[in-house]
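Inside the fold
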Amino acid sequence: FTHYSYAIRDAVVMLKAPCIEVHLSNVMSREKERHTSLLAKHCLGTISGFGFDSYVLAVEQLTR
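Structure report, in brief. This is a predicted model, so every value here is computed, not measured. (Residues numbered from 1 in each chain as written. Predicted model: local features only at pLDDT ≥ 70, side-chain atom pairs only at ≥ 80, totals over all residues. Heavy atoms only, no water.)

Here we come to the side chain of H23. Structurally, the position occupied by H23 is in strand 1 (residues 20–23). Taking relative accessible area as the criterion, H23 reaches 11% and is therefore assigned buried. For H23, the residues in contact, after removing those within four places along its chain, are T2, H3, T46, I47, S48, G49 and S54. (Helix = DSSP H or I, 4+ residues; strand = E, 2+ residues; numbered from the N terminus. Buried < 20%, exposed > 50% of the residue type's maximum accessible area, 1.4 Å probe, protein only. Contact = heavy atoms within 4.5 Å.)

Spelled out as structure tokens, the structure:
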């Protein structure tokens, strides 16, 4: 969804709460079309490549 869902991007833009983009795998090590994110510039940051711990890291950051 990160790479082609304009509906999710629009929802993130309208969201009043902070948002972090999370990926289980390292998207930069995958196919070139996965290197572009529609969400990244609308989020506080991006966490990727740490498996399930990516979600843990995002929640920890959001609760700071």
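So, on to the side chain of E21. Along the chain, E21 turns up in strand 1. In terms of polar contacts, E21 uses its side chain to reach the side chain of T46, at 3.1 Å. The contacts of E21, once residues within four sequence positions are left out, are T2, S37, L39, A40, C43, G45, T46 and I47. (Polar contact = N/O pair within 3.5 Å; in protein donor to acceptor, adjacent residues only side chain to side chain.)

On the surface, L24, F52, Y55 and V56 cluster together into a nonpolar patch covering about 390 Å² of accessible area. Along the chain, F52 falls in the loop between strand 2 (45–48) and helix 2 (53–62). The exposure class of F52 is exposed, given its relative accessible area of 60%. (Patch = residues over 30% accessible without salt bridge, like charges linked within 9 Å, V, L, I, M, F, W, Y side chains within 5 Å. Areas by Shrake-Rupley, 256 points an atom, 1.4 Å probe, with all protein chains shown as cover. Salt bridge = Lys/Arg side-chain N within 4 Å of Asp/Glu carboxyl O.)

Considering the arrangement of structural elements, one finds H35 in the loop between strand 1 and strand 2. Overall, the relative accessible area of 34% leaves H35 in the partly exposed class. When the C-alpha atoms of H35 and T2 are compared, they prove to be 9.8 Å apart, with 33 residues separating the residues in sequence.

On the secondary structure map, R64 appears in the segment after helix 2. Spatially, the C-alpha atoms of R64 and T46 are 16 Å apart, while their sequence positions differ by 18 residues.

Inspection of every chain in the model, using the stated rule, returns one aromatic pair. Look at F52 and Y55: their rings are 6.2 Å apart centre to centre, the planes differ by 50 degrees, and that puts the pair in the tilted class. Looking at Y55, the relative accessible area reads 40%, which means it is partly exposed. (Phe/Tyr/Trp six-rings, centres within 6.5 Å; stacked < 30°, edge-to-face > 60°.)

So far we have only geometry, and geometry alone does not tell us how the molecule works.
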